[in-house]
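Fold and contact review
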Amino acid sequence: MYSFTQDGDKFVVSIDNHQELAGAIAAFCKEQGILAGEISGIGAVNTATLRFLDPGTKRYVDKTFDEQMEISSLVGNISEKDGNVYLHLHANFGRRDYTVIGGHLLCATINGACELVVTRFHCKMGRHFDEETGLNLYTL
Ligand code: FE
């Protein structure tokens, strides 16, 4: 699913072609016991589903883009909710015409490569559901 090398608390990760990105990151964090940290990455995908939270209705609106796109910027954090890895990922995707779409990333399928740096933190980064915003906010 991936290969990686490690330099202290930093992991350089290559996710295999055709893997689902969010699932592969979650598997990596679980297997390495990383429950707090941050992620950055670049690569390419051929489908991605983004999520927009409407603050007025607190409803999620999901949209899938089925096209070849560059991951021009993947950023996110790793925390812990109910004892499990909890990922919060945002991404910008560059299209064939060089325009960019972006937002909260639900899932995407690698088509080409995906190169990540994962930094492990040693603090506790928890999550709890917040009624007012409808979000799983940090418990720090
Ligand atoms: Fe988000």
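Up top you'll find the structure we're talking about.
Every value quoted in this text rests on a predicted model; they were computed, and no experiment measured them.

Procedures and definitions
- Residues numbered from 1 in each chain as written.
- Predicted model: local features only at pLDDT ≥ 70, side-chain atom pairs only at ≥ 80, totals over all residues.
- Heavy atoms only, no water.
- Phe/Tyr/Trp six-rings, centres within 6.5 Å; stacked < 30°, edge-to-face > 60°.
- Helix = DSSP H or I, 4+ residues; strand = E, 2+ residues; numbered from the N terminus.
- Buried < 20%, exposed > 50% of the residue type's maximum accessible area, 1.4 Å probe, protein only.
- Lys NZ or Arg CZ within 6 Å of the ring centre and 35° of its normal.
- Patch = residues over 30% accessible without salt bridge, like charges linked within 9 Å, V, L, I, M, F, W, Y side chains within 5 Å.
- Areas by Shrake-Rupley, 256 points an atom, 1.4 Å probe, with all protein chains shown as cover.
- Salt bridge = Lys/Arg side-chain N within 4 Å of Asp/Glu carboxyl O.
- Donors = N, O, S within 2.8 Å, 3.2 Å for Na, K, Ca; no water.

Attention shifts here to the packing of aromatic side chains. The description of an aromatic ring pair uses the distance of the two centres, along with the angle that the planes make with each other. One pass over the structure, following the stated rule, counts 5 aromatic pairs. Ring geometry for Y2 and F28: centres 5.2 Å apart, planes at 85 degrees, overall edge-to-face. Here Y2 is found in strand β1 (residues 2–7), whereas its partner F28 is found in helix α1 (residues 21–32), with 26 residues between them in sequence. For the pair Y2 and F28, a shared accessibility class is recorded, and that class is buried. Residues F4 and F11 carry aromatic rings whose centres are separated by 6.1 Å and whose planes lie at 50 degrees to one another, so their mutual orientation is tilted. Here F4 falls in the partly exposed class, since its relative accessible area comes to 34%. Aromatic rings pair up to connect Y2, F4, F11 and F28 into one cluster. Directly above the aromatic system of Y60 lies the positively charged group of R51, at a separation of 4.2 Å from the ring centroid.

Attention now moves to a nonpolar patch on the surface. The grouping of Y60, L135 and L137 at the surface amounts to a nonpolar patch, some 230 Å² of accessible area in total. Relative to the helices and strands, L137 resides in strand β9 (residues 135–139). Given a relative accessible area of 30%, L137 falls into the partly exposed group.

Taken together, H88 (NE2), H90 (NE2) and H104 (ND1) make up the protein donors of the iron ion, found 2.1 to 2.2 Å from the metal. The sequence motif formed by the donor residues of the iron ion is H-x1-H-x13-H.

Take unusual backbone geometry next. In the Ramachandran plot, H18 falls in the positive-phi region, its phi being about 75 degrees despite a non-glycine side chain. Tracing the chain through its elements places H18 in the loop between β2 (10–15) and α1. Under the relative-accessibility criterion, H18 is labelled exposed at 55%. Of note in the backbone geometry, Y98 takes a positive phi value of approximately 75 degrees without being a glycine. Mapped onto the elements of the fold, Y98 is located in the loop between β6 (84–94) and β7 (100–120).

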